[in-house]
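Structural overview for review
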Amino acid sequence: MAGERKYISAEELKQHDKPGDLWISIQGKVYNVTDWAKVHPGGDIPLLNLAGQDVTDAFIAYHPGTAWQYLDKFFTGYYLKDFKVSEVSKDFRKLANEFSKLGLFEKKGHGILYTCSIIGFLFMVCIYGVLCVESFWVHLGCAALLGFLWIQSSYVGHDSGHYQIMSSRGFNKLAQILIGNCITGISIAWWKWTHNAHHIACNSLDYDPDLQHIPVFAVSSSLFKSINSIFYGRILKFDSVARFLVSYQHWTYYPVMCVARFNLFLQTLLLLFSGRNIPDRALNIMGICVFWTWYPLLVSCLPNWGERVMFVVVSMAVTSIQHIQFTLNHFSANVYVGPPCGNDWFEKQTSGTIDISCSTWMDWFHGGLQFQLEHHLFPRLPRCHLRSISPLVKDLCKKHNLPYRSLSFWEANVSTIRTLRTAALQARDLTNPVPKNLVWEAANIHG
């Protein structure tokens, strides 16, 4: 009969979960995004991770209302049989709709302008201090300012990656390259690649790259099984070296954070010169070249090698504050193994995130990421609104008996170290199995 709807079951939809056969469902309508995944602005990883299931909540979280008009060209003609929406999802979508009606996603405030002005001012101060002042302590102070400047630049880059902070997409991309690649030396392409995967698969041990730090860190004993990283496409091998390093991770955590920036530089270069399809590869490489031109030149202007080494060490160490915050938001939260599920979007975000409570006047310091759950639920929402929506998110969590964890900066550090120590002690137990074996043999010896 003409006009009669065609249906497929959820099990049938799950069969279309591969790069060459990628289907998703949004509000019960089934779409074939196989070809679109290759040019998707957010990359192919989010689509691949959620392939073969309903992704309505994730779609709402990541896309403006104008994106709905483009879905029809991907429609397969099928509808999802027995399509149901949970009460949690209904409330989440209602809240997102209310924010949209209030225009919160478009009201970006003046925070970005102020932050960019501060970044420019600090950059000039650093250059002046190194070139025009001979004091050793001034030079160290400039190194610390440079590290702080990198932190604030990263927050602006983070904002620009989630929503448009400039007047047009072209200017937004230019801001990303200038603030990210040119100033911090970290590619916006690398950030998008890893960060989108992190948001979609928040705290999945095998899908979320932000928890895959073997051999240095392991937040769960599940990583001791040498699980397969779906993101990196390789085994996270838990060998004797990893066991040793993880056994002392609660002691090495802060020292490693002080040099974590070097790893980001390395990851940027590995991605940009890999065989992966990288959007704006040439532009990203040019931006990185700008960074590796001005930064070494600035360091070379210092009077001796001792000061040069100290300048690099201090500037990198200061950024550890940001790296610590990133880990505080997730390391001690709940983790799981397996792919993300589109039907429990809200639940997975509440389970895998931890907020950092602070006074209003400290919001600039955390770059909005202290409201980690709010940011994960509404990633397109400008940071200036996160504090105001926090009570609404807390009420929604309470209504559905879901966790809403907000710790002070100190408490979050304690919780993270406790998590790392627990895993470290478990790793030590694996490195010394002899007593266990002897007891077993003594208890079971015969003949």
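So, how was this worked out
- Residues numbered from 1 in each chain as written.
- Predicted model: local features only at pLDDT ≥ 70, side-chain atom pairs only at ≥ 80, totals over all residues.
- Heavy atoms only, no water.
- Helix = DSSP H or I, 4+ residues; strand = E, 2+ residues; numbered from the N terminus.
- Buried < 20%, exposed > 50% of the residue type's maximum accessible area, 1.4 Å probe, protein only.
- 1 Å grid on protein atoms, 1.4 Å probe; cavity = no way out; pocket = protein on both sides within 12 Å on 5 of 7 lines; lining within 4 Å.
- Points joined across faces, edges and corners; volume = space filled by probe spheres on them.
- Nonpolar A, V, L, I, M, F, W, Y, C, P; charged D, E, K, R; others polar.
- UniProt positions renumbered as here; feature names shortened; annotations may be inferred.
- Disulfide = S-S within 2.5 Å.
- Salt bridge = Lys/Arg side-chain N within 4 Å of Asp/Glu carboxyl O.
- Pairing = 2+ DSSP bridges.
- Phe/Tyr/Trp six-rings, centres within 6.5 Å; stacked < 30°, edge-to-face > 60°.
- Lys NZ or Arg CZ within 6 Å of the ring centre and 35° of its normal.

Moving on, we come to the environment of His110. With respect to the helices and strands, the residue His110 is situated in the loop between helix 4 (87-101) and helix 5 (111-132). Of the residues examined, His110 reaches a relative accessible area of 55% and is grouped as exposed. Along the backbone, His110 and Cys384 are 274 residues apart, and their C-alpha atoms lie at a distance of 8.8 Å.

This part takes up the layout of surface pockets. A volume near 1,300 Å³ is recorded for the second largest pocket. If you go around the second largest pocket, you meet 49 residues; those closest to its centre are Trp190, Asp210, His213, Asn263 and Leu264. For the lining of the second largest pocket, the secondary structure elements donating two or more residues are helix 6 (136-162), helix 7 (169-184), helix 8 (188-200), helix 10 (249-258), helix 11 (260-272), helix 14 (320-328) and helix 17 (372-377).

Attention now moves to empty space enclosed by the protein. Counted according to the given criterion, the structure contains three cavities of 30 Å³ or more. Estimated volume of the largest cavity: approximately 50 Å³. Residues that form the lining of the largest cavity fall into these classes: six nonpolar, four polar and two charged.

On to the UniProt feature "domain: Cytochrome b5 heme-binding" (unreviewed entry) in the protein chain. Under the UniProt annotation, the feature "domain: Cytochrome b5 heme-binding" (unreviewed entry) is placed at residues 5-80. With 22% helix and 28% strand, the stretch residues 5-80 has end C-alpha atoms that lie 10 Å from each other.

Turning to the UniProt feature "transmembrane region" (unreviewed entry) in the protein chain, a few remarks are in order. Here, UniProt's "transmembrane region" (unreviewed entry) annotation points to residues 111-130, 136-153, 174-193, 213-232, 253-273 and 285-306. Between the C-alpha atoms that bound residues 253-273 the distance is 29 Å, and the span itself is 90% helix and 0% strand. Structurally, residues 285-306 is divided into 82% helix and 0% strand, and its ends, taken at the C-alpha atoms, are 30 Å apart.

Here we take up the state of the cysteines. Using the criterion set out here, one finds zero disulfides in the structure. Here Cys126 is not cross-linked by a disulfide; its sulfur's nearest cysteine counterpart is in Cys142, at 5.2 Å. The cysteine Cys202 is free of any disulfide, with Cys397 supplying the nearest cysteine sulfur at 13 Å. A residue is classified by how much of its surface remains accessible, and Cys202, at 2% relative accessible area, is buried.

Right, let's talk about the pattern of salt bridges for a bit. All told, the structure shown has 12 salt bridges when counted by the stated rule. Residue Lys18 pairs with Asp17 through a salt bridge whose shortest N-O separation is 3.3 Å. Lys18 sits in the partly exposed class, given a relative accessible area of 42%. On the accessibility criterion, Asp17 (37% relative accessible area) is partly exposed. Of the charged contacts in the structure, one is a salt bridge between Asp72 and Lys29, with a shortest N-O distance of 3.8 Å. Residue Asp72 is found in the loop between helix 3 (56-62) and strand 5 (75-80), and its partner Lys29 is found in strand 4 (residues 29-32); the two are separated by 43 residues along the sequence. Judged by its relative accessible area of 53%, Asp72 is exposed.

With that out of the way, let us pick up the sheet that holds strand 3 (residues 21-26). Strand order in the open sheet made by the five strands is 1-5-4-3-2, with mixed pairing throughout. On the outer flanks of this sheet lie strand 1 (6-8) and strand 2 (17-18), each paired with one strand and no other. For strand 3 and strand 4, the ladder comprises four bridges, and the chain directions are antiparallel. Bridge pairing links Ile26 to Lys29 in strand 4.

The next subject is the packing of aromatic side chains. Applying the stated criterion across every chain, the model contains 31 aromatic pairs. When the centroid spacing of 5.8 Å and the interplanar angle of 75° are considered together, the rings of Phe148 and Trp364 count as edge-to-face. Placement of Phe148 in helix 6 and of Trp364 in helix 16 (residues 363-366) is noted, with a sequence separation of 216 residues between them. Owing to a relative accessible area of 42%, Trp364 belongs among the partly exposed residues under this scheme. Taken together, Phe123, Trp150, Phe262, Phe265, Phe291, Trp292, Trp294 and Tyr295 form an aromatic cluster joined through their ring pairs. Arg5 extends its terminal NZ or CZ atom over the ring of Tyr79, reaching a point 4.0 Å from the ring centre. Seen from the ring of Tyr78, Lys6 lies directly overhead, with NZ or CZ sitting 4.9 Å from the centre.

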